[in-house]
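Observations on the three-dimensional arrangement
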Amino acid sequence: MTAPIPADIPDIPRIPGIAANAAAAAVPVVPAYAVVPRVRRPLVAAFRLLIALSAVAGVALALLLGSPTRVPGYFTILSTLMVAVVSTVTARRAWTARHPLRASVTACTLLYVVGGSLVYHLLLADNPTTFSMTGAAGQATGPLTGWHALTSLLLHTVIPVAVAVDWLLLTLPGALRLQSAITWMILPLAYLACTVTRGLLLPPGTQDRYPYPFLDVSELGFVEVLGNIAILGVACYGLAVLIVAVDHVRPGSRRHRPPENRISSPATSGLK
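Residues numbered from 1 in each chain as written. Predicted model: local features only at pLDDT ≥ 70, side-chain atom pairs only at ≥ 80, totals over all residues. Heavy atoms only, no water.

Concerning the overall build of the protein chain
On a plain count of helices and strands, the protein chain comes out with 9 helices and 0 strands. Of the regular secondary structure in the protein chain, the N- to C-terminal order runs α-α-α-α-α-α-α-α-α. When burial is assessed residue by residue, the protein chain has 35% of its 272 residues classed as buried. Residue pairs at least 24 apart in sequence account for 68% of intrachain contacts in the protein chain once pairs closer than 6 positions are excluded. (Helix = DSSP H or I, 4+ residues; strand = E, 2+ residues; numbered from the N terminus. Buried < 20%, exposed > 50% of the residue type's maximum accessible area, 1.4 Å probe, protein only. Contact = heavy atoms within 4.5 Å.)

Below you can see the structure in the form of structure tokens.
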């Protein structure tokens with residue numbers, strides 16, 4: 001015969017689903033770092049800080065070489081500034097052993113910078129006579145050379161590749177959801193809409209009314225520009241879905257692995 005366990009035993013730690021008394025039920029949830037110690041990652045922090053510094057340097061060079069009023073209107077500059085901020089925050093968190101940023105934040109940063117890079121390499125890089133982000137306003141340019149070529153290489157190739165490597169190898173996989181891809185589309189579509197609207201409101205003949213030739217309503221017509229926006233939107237969403245899919249198949253996924261319980265016996269459930 002066994003006697004029932006008294007309900008008024010003090011200082012009983014909280015067990016999920018069981019509360020001995022009101023005092024035990026009020027015990028806060030055990031944080032993960034109380035079971036598994038936090039780990040500083042100085043090499044990861046250094047790599048991300050290098051990415052942030054490269055992003056700042058690329059934007060600064062573009063502003064120095066081009067027009068300070070025209071360069072900020074390019075999506076590449078906006079996404080690179082986002083890379084600088086996110087990489088700085090994630091570097092600090094890796095250095096201080098804090099929890100990483102939400103996976104959706106780092107993934108959407110990857111989407112924007114890689115998407116801008118793909119647009120440049122697929123649509124713009126082979127036609128430098130009509131497009132140059134750092135060239136003289138309203139003037140045709142030849143093949144990029146010198147500092148202009150270095151800036152373009154840094155913004156459109158080096159930084160996107162570094163961000164992709166960071167995301168693929170240095171972040172935990174399996175945390176993204178397909179619903180996030182729709183949210184990520186807000187900024188690119190808003191940028192395209194605002195850019196076209198701004199160009200329509202400017203007087204005809206204004207230099208650099210449209211930063212990208214495929215958005216030039218005066219040259220292509222409104223219908224063709226809308227078609228280009230639709231194609232870019234679908235392509236961007238497809239890239240977002242691809243990022244989510246890759247996140248769920250890349251090695252080291254922990255999404256189906258229950259948290260290891262280092263305190264309770266195997267018969268009890270894991271700590272929450």
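Let us keep going from here.
Section: unusual backbone geometry
If you check the backbone angles, Ala97 has positive phi at about 60° while not being a glycine. Tracing the sequence through the fold places Ala97 in the loop between helix H3 (75-95) and helix H4 (103-124).

Digging into the packing of aromatic side chains
One pair of aromatic rings is described through two measures. These are the centre distance and the angle between the planes. Considering all chains together, one arrives at 4 aromatic pairs under this definition. Taking 5.5 Å as the distance between ring centres and 90° as the angle between the ring planes, the aromatic pair formed by Tyr74 and Tyr212 counts as edge-to-face. Of the two residues, Tyr74 is situated in the loop between helix H2 (42-65) and H3 and Tyr212 in the loop between helix H7 (186-201) and helix H8 (217-220); the sequence distance between them amounts to 138 residues. For the pair Tyr74 and Tyr212, one class covers both residues: buried. Every member of this aromatic cluster is reached through a ring pair, and the members are Tyr74, Tyr212 and Phe214. Between the NZ or CZ atom of Arg40 and the centre of the ring of Trp95, over which it lies, the distance is 4.4 Å. Arg250 extends its terminal NZ or CZ atom over the ring of Trp167, reaching a point 4.2 Å from the ring centre. (Phe/Tyr/Trp six-rings, centres within 6.5 Å; stacked < 30°, edge-to-face > 60°. Lys NZ or Arg CZ within 6 Å of the ring centre and 35° of its normal.)

Overview of the confidence of the model for the protein chain
Mean pLDDT over the protein chain works out to 81, with 75% of the residues at or above the 70 mark. Note on residues 253-262: pLDDT under 50 across the span, and 14 contacts to partners over four residues away in sequence or across chains. Note that residues 264-272 has pLDDT below 50 and, in this model, 14 contacts with residues that lie over four places away or in other chains. (pLDDT = per-residue confidence, 0-100.)

Focus: the nonpolar core
Ile77, Leu111, Ile159, Trp184, Tyr212, Leu215 and Ile243 are the most contacted members of the largest nonpolar core, which totals 47 residues. Listed by contribution, the elements that provide at least two residues to this core are H2, H3, H4, helix H5 (146-170), helix H6 (179-184), H7 and helix H9 (222-249). Here this core gets 9 residues from one element, more than from any other, and that element is H4. The contacts of Leu111, once residues within four sequence positions are left out, are Trp184, Cys236, Leu239, Ala240 and Ile243. (Core = buried A, V, L, I, M, F, W, Y, C linked by side-chain atoms within 4.5 Å.)

Looking at the packing of H7 against H9
The interhelical angle for the contact between H7 and H9, taken along N-to-C directions, is 165°, at an axis separation of 10 Å. In terms of their interaxial angle, H7 and H9 are classed as roughly antiparallel. The hand of the H7/H9 crossing is right-handed. Of the residues in H9, those in contact with Pro188, Leu189, Leu192, Val196 and Leu200 of H7 are Phe222, Val225, Ile229, Leu232, Gly233 and Cys236. Among the residues making up the contact of H7 with H9, the classes are represented as 10 nonpolar, 1 polar and no charged. (Axes fitted to C-alpha atoms, helices over the stretch in contact; angles between N-to-C directions. Parallel < 35°, antiparallel > 145°, perpendicular 65-115°, else oblique. Left-handed = near helix turned anticlockwise from the far one by under 90°. Nonpolar A, V, L, I, M, F, W, Y, C, P; charged D, E, K, R; others polar.)

So, the packing of H3 against H4
Two elements in contact, H3 and H4, have axes whose closest approach is 9 Å; the angle formed by their N-to-C orientations is 150°. Judged by the angle between their axes, H3 and H4 are roughly antiparallel. By crossing handedness, the relation of H3 to H4 is classed as left-handed. On the side of H3, the interface is formed by Phe75, Ser79, Met82, Val83, Val86 and Thr90, while H4 contributes Val105, Thr106, Cys108, Thr109, Tyr112 and Val113. Of the residues in the contact of H3 with H4, the class split is 8 nonpolar, 4 polar and no charged.

Thoughts on H9
A rise of 1.5 Å per residue sets the reference length of H9, with its 28 residues, at 40 Å; its end C-alpha atoms lie 41 Å apart and thus fit the reference within 8%. Along H9, the residues classified as buried are Val225, Asn228, Ile229, Leu232, Gly233, Cys236, Leu239, Ala240, Ile243, Val244 and Asp247. Tucked into the core, H9 has its buried residues touching H4, H5, H6, H7 and H8. (Expected span 1.5 Å × (residues − 1).)

Observations concerning a nonpolar patch on the surface
Together, Trp147, Leu150, Leu153 and Val158 make up a nonpolar patch on the protein surface, roughly 400 Å² of accessible area in all. Turning to its location among the elements, Leu153 is positioned in helix H5. (Patch = residues over 30% accessible without salt bridge, like charges linked within 9 Å, V, L, I, M, F, W, Y side chains within 5 Å. Areas by Shrake-Rupley, 256 points an atom, 1.4 Å probe, with all protein chains shown as cover. Salt bridge = Lys/Arg side-chain N within 4 Å of Asp/Glu carboxyl O.)

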